[in-house]
Amino acid sequence: MSLIFVKQCICVYISDKCRKEFKPNIEIADKDKEKCLMFARNMAYGEKHNPKSFGSAEKNYIREKQEIFRDAFQGKLAEIAFYNYYVKRGFSLNKPDFSEWNRGKWEDTDFTAEFNNKEYRISIKSTKYFGNLLLLEKDRYNEQGLYIETADDQTKGVKYDLIFLVRIKGVDGSNPNVYDKKKLSAIEAEITGFITHEEFKKAIKSGKYLAKGWLINGKEKLKVDNYYFCANELKRPADG
């Protein structure tokens, strides 16, 4: 899939071949949305979670509390959506983790799934419903595509067999108090697709990344270097 680069302003414009229309394909119960909201509020304003968990591996960039809330809310909704989608289709999955860990500790795997007697480690990435890129922060992975954020030895790390993109519509505020029952009820989710570990390794080897400071569609400035995949080049989920 191709992106169009305008070098004069270091802008990256998303081509039509990269885009995928947002189509909600799984429901999230209102009670689970409320649970995700409470989790995100505690993570951002309860002073428990390590900001790097919702920010960047780059030391110079730590997210503000409003960003932590928004990212935690969207991310946890994405996990619930993924869990609902695949449990509904008969897959064996661990339940989403709502543990409120202290600073300096965070999870390195979102799900483990069993299929045809094989276990898969799965990472879930989320974005807004109009987003068309699966972004993976370059500094969080080594050249073999292993997640090294939690590894003492950066030649080792966690191998994700599958990395999923989930798009969420309705998380458009960084203040927990704006999410009343009506606003929560309107939130929608799409399991967009996934890449395999081998596909990720190929992207790393080919240097498929977007650089810090570049503008996406002339608007959103990237805060760190990111490997990327277009929404339309992701493998479709089961029955998707």
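In this text the structure is predicted, and so the values were computed from the model without any measurement. (Residues numbered from 1 in each chain as written. Predicted model: local features only at pLDDT ≥ 70, side-chain atom pairs only at ≥ 80, totals over all residues. Heavy atoms only, no water.)

**Q** How would you summarise the pairing of strand 5 (residues 118–128) if you had to cite specific residues and measurements?
**A** Inspection of the sheet shows strand 4 (residues 111–115) paired to strand 5 by five bridges, in the antiparallel sense. Bridge pairing in strand 5 places glutamate 114 opposite glutamate 119. Sheet topology note: the strand 5/strand 7 (residues 162–169) ladder contains seven bridges and is parallel. Looking across to strand 7, one finds that serine 126 is bridged to valine 166. (Pairing = 2+ DSSP bridges. Helix = DSSP H or I, 4+ residues; strand = E, 2+ residues; numbered from the N terminus.)

**Q** Describe the environment of leucine 77, and please don't skip the residues or the numbers.
**A** Looking at the element boundaries, leucine 77 is found in helix 2 (residues 65–87). The exposure class of leucine 77 is buried, given its relative accessible area of 0%. Along the backbone, leucine 77 and valine 171 are 94 residues apart, and their C-alpha atoms lie at a distance of 9.5 Å. Not counting residues within four places of it along the chain, the set of residues in contact with leucine 77 comprises Ile28, Lys33, Cys36, Ile168, Val171 and Ile187. (Buried < 20%, exposed > 50% of the residue type's maximum accessible area, 1.4 Å probe, protein only. Contact = heavy atoms within 4.5 Å.)

**Q** Give me helix 2: which residues, what numbers.
**A** If you check helix 2, its first and last C-alpha atoms are 33 Å apart, about what 23 residues at 1.5 Å a residue would give, namely 33 Å. By the criterion of burial, helix 2 is predominantly enclosed, with 18 of the 23 residues buried. (Expected span 1.5 Å × (residues − 1).)

**Q** Could you give me a rundown of the nonpolar core, with the residues and numbers involved?
**A** Core analysis: the largest hydrophobic core is formed by 37 residues, its most contacted members being Phe73, Leu77, Phe82, Ile122, Ile124, Phe164 and Ile191. Elements represented by at least two residues in this core include exactly helix 1 (30–45), helix 2, strand 4, strand 5, strand 7 and strand 8 (188–196). The biggest single contributor to this core is helix 2, with twelve residues. (Core = buried A, V, L, I, M, F, W, Y, C linked by side-chain atoms within 4.5 Å.)

**Q** Give me the layout of surface pockets: which residues, what numbers.
**A** Regions of empty space are outlined by a rolling probe, equal in size to a water molecule, passed over the atoms. Taken as a whole, the second largest pocket spans an internal volume of roughly 200 Å³. The wall of the second largest pocket is formed by Phe82, Tyr86, Phe91, Leu93, Ala113, Phe115, Tyr120, Ile122, Leu162, Phe164, Phe194 and Ala238. The residue makeup of the lining of the second largest pocket, split by class, is twelve nonpolar, no polar and no charged. (1 Å grid on protein atoms, 1.4 Å probe; cavity = no way out; pocket = protein on both sides within 12 Å on 5 of 7 lines; lining within 4 Å. Points joined across faces, edges and corners; volume = space filled by probe spheres on them. Nonpolar A, V, L, I, M, F, W, Y, C, P; charged D, E, K, R; others polar.)

**Q** Tell me about the pattern of salt bridges, and please be specific about residues and values.
**A** One pass over the structure, following the stated rule, counts 15 salt bridges. Put simply, arginine 70 and glutamate 67 hold a salt bridge, and the shortest N to O gap is 4.0 Å. On the criterion of helical spacing, the pair formed by arginine 70 and glutamate 67 is a turn pair, its members being three residues apart in helix 2. For glutamate 79, the salt bridge is made with lysine 76, and the minimal N-O distance between the two is 3.1 Å. Here glutamate 79 pairs with lysine 76, and both are found in helix 2, just three residues apart, close to one helical turn. Salt bridges sharing partners connect three or more residues here, namely Lys20, Arg167 and Glu190. (Salt bridge = Lys/Arg side-chain N within 4 Å of Asp/Glu carboxyl O.)

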